[in-house]
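Observations on chain architecture
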Amino acid sequence: VGIYRVAVQGADLVALGIVAANTVSMPYMSKFANSNDINGLERIAQKSAQLSFFIASIVTFVFFIIGENLIVWVFGDDYIQSHLPLLLLALGQMVHAGLGPGGTVLNMCGHEKGTLITLILSAFINIVLNFVFIPLWGIGGAATATFISIIFRKIVIWMMVYLIYGIDSSALGFTFKRKNTIQRTIVND
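Residues numbered from 1 in each chain as written. Predicted model: local features only at pLDDT ≥ 70, side-chain atom pairs only at ≥ 80, totals over all residues. Heavy atoms only, no water.

1. Concerning the confidence of the model for the chain
- Of the residues in the chain, 92% have a pLDDT of 70 or more, and the chain-wide mean is 90.
- For the stretch residues 178–183, pLDDT sits under 50, and the model shows seven contacts to residues farther than four places along the chain or on other chains. (pLDDT = per-residue confidence, 0-100. Contact = heavy atoms within 4.5 Å.)

Quick look at the structure:
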């Protein structure tokens, strides 16, 4: 548990960019949602995703290159086994950052139920996968289960934002506008 905790703490550093970008962008998302400015909402979501993905990529790259040395320096030789789980969790957070603040967009636009359902579903998936993967791969299995559940949740939320509003909230910012097939207005439930 202690070894896995080191990996989780490292992955939390990767997620700092997500927290920072969301904190800055939430008031703007709320403003754009209230004024029914879908294009503004899309722009701020993409900028937030780009910032958080940039930060997450840098931290993940550092963990990939010198992560083992950092772990030994900060925690000691006994925790070197946390490097592989750290990389898996960091990659999960990097994908989380790259797919953008879809959950924040949904919450700011009145779709909190959708984000709650995806959270519950991904937690359930994580628990089931932990039962399967931990006996097979130990802490690597726990990290793999968490990685898969993070990716699942972020893809579902990204798709929800796209299907509901027709915007791409990811760092890549592809804007696949579908003419006359979706309503590009914000509807509060």
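2. What about helix H2 (residues 16–34)?
- End to end, H2 covers 27 Å across 19 residues, agreeing with the expected 27 Å (1.5 Å per residue, within 8%).
- Where H2 bends most, the angle comes to about 40°, and this point is Ser 25, followed within four residues by the proline Pro 27.
- One or two steps after H2, the chain reaches Asn 36, where phi turns positive at roughly 60°. (Helix = DSSP H or I, 4+ residues; strand = E, 2+ residues; numbered from the N terminus. Expected span 1.5 Å × (residues − 1). Bend = angle between axes of the 7 residues up to and from the residue.)

3. A look at unusual backbone geometry
- Residue Asn 36 is not a glycine yet carries a positive backbone phi of 60°.
- Assessed through its relative accessible area of 37%, Asn 36 is described here as partly exposed. (Buried < 20%, exposed > 50% of the residue type's maximum accessible area, 1.4 Å probe, protein only.)

4. Brief notes about the side chain of Ser 169
- The topology assignment puts Ser 169 in the segment after helix H7 (139–165).
- Separated by 3.4 Å, the side chain of Ser 169 and the backbone oxygen of Leu 99 make a polar contact. (Polar contact = N/O pair within 3.5 Å; in protein donor to acceptor, adjacent residues only side chain to side chain.)

5. A closer look at the packing of helix H4 (residues 83–98) against H7
- For the pair H4 and H7, the least separation of the axes is 8 Å and the interaxial angle reads 5°. On the basis of their axis angle, the class for H4 and H7 is roughly parallel. Between H4 and H7, the residues in contact are Pro 85, Leu 88, Leu 89, Leu 91, Gly 92, Gln 93, Val 95 and His 96 and Ile 139, Gly 140, Ala 143, Thr 144, Thr 146, Phe 147, Ile 150, Ile 151 and Lys 154, respectively.
- The class makeup of the residues in the contact of H4 with H7 is 10 nonpolar, six polar and one charged. (Axes fitted to C-alpha atoms, helices over the stretch in contact; angles between N-to-C directions. Parallel < 35°, antiparallel > 145°, perpendicular 65-115°, else oblique. Nonpolar A, V, L, I, M, F, W, Y, C, P; charged D, E, K, R; others polar.)

6. Topic: a nonpolar patch on the surface
- On the surface, a nonpolar cluster with roughly 850 Å² of combined accessible area is contributed by Leu 121, Phe 124, Ile 127, Val 128, Phe 131, Val 132, Leu 136 and Trp 137.
- Tracing the sequence through the fold places Leu 136 in helix H6 (residues 112–137).
- The exposed category is assigned to Leu 136, whose relative accessible area is 56%. (Patch = residues over 30% accessible without salt bridge, like charges linked within 9 Å, V, L, I, M, F, W, Y side chains within 5 Å. Areas by Shrake-Rupley, 256 points an atom, 1.4 Å probe, with all protein chains shown as cover. Salt bridge = Lys/Arg side-chain N within 4 Å of Asp/Glu carboxyl O.)

7. Quick word on the side chain of His 111
- By secondary structure assignment, the location of His 111 is in the loop between helix H5 (102–108) and H6.
- Of note is the side chain of His 111, whose polar atom sits 2.9 Å from the side chain of Tyr 165.

8. Comments concerning the packing of aromatic side chains
- A full pass over the atoms with the stated rule returns three aromatic pairs.
- Arranged with centres 6.0 Å apart and planes meeting at 55°, the rings of Phe 75 and Tyr 79 form a pair that is tilted.
- Residue Phe 75 is classed as partly exposed on the basis of its relative accessible area, which comes to 37%.
- Their ring planes at 5° and their centres at 6.0 Å tell us that Trp 158 and Tyr 162 sit as a pair that is stacked. Of the two residues, Trp 158 and Tyr 162 are both situated in helix H7; the distance of four residues between them amounts to about one turn of the helix. When sorted by exposure, Trp 158 lands in the same class as Tyr 162, which is buried. (Phe/Tyr/Trp six-rings, centres within 6.5 Å; stacked < 30°, edge-to-face > 60°.)

9. Observations concerning the nonpolar core
- Counting 17 residues, the largest nonpolar core has Tyr 4, Val 14, Ala 56, Phe 63, Leu 86 and Leu 89 as the members making the most contacts within it.
- For this core, the elements supplying multiple residues, two or more each, are helix H1 (2–14), helix H3 (38–75), H4 and H7.
- Sort the elements by how many residues they give to this core and H4 lands first, with six residues.
- Residues Met 29, Cys 109, Ile 157 and Val 161 belong to the second largest nonpolar core, which totals 14 residues. (Core = buried A, V, L, I, M, F, W, Y, C linked by side-chain atoms within 4.5 Å.)

10. Topic: H4
- In this model, H4 (16 residues) spans 22 Å end to end at C-alpha, consistent with the 22 Å of a helix rising 1.5 Å per residue.
- If you check which residues of H4 are buried, you get His 83, Pro 85, Leu 86, Leu 87, Leu 89, Ala 90, Gly 92, Gln 93, Met 94, Ala 97 and Gly 98.
- Against H1, H2, H3 and H7 lie the buried residues of H4.

11. Comments concerning the environment of Gln 46
- Relative to the helices and strands, Gln 46 is located in helix H3.
- Here Gln 46 falls in the buried class, since its relative accessible area comes to 12%.
- Separated by 44 residues in the primary sequence, Gln 46 and Ala 90 place their C-alpha atoms 21 Å from one another.

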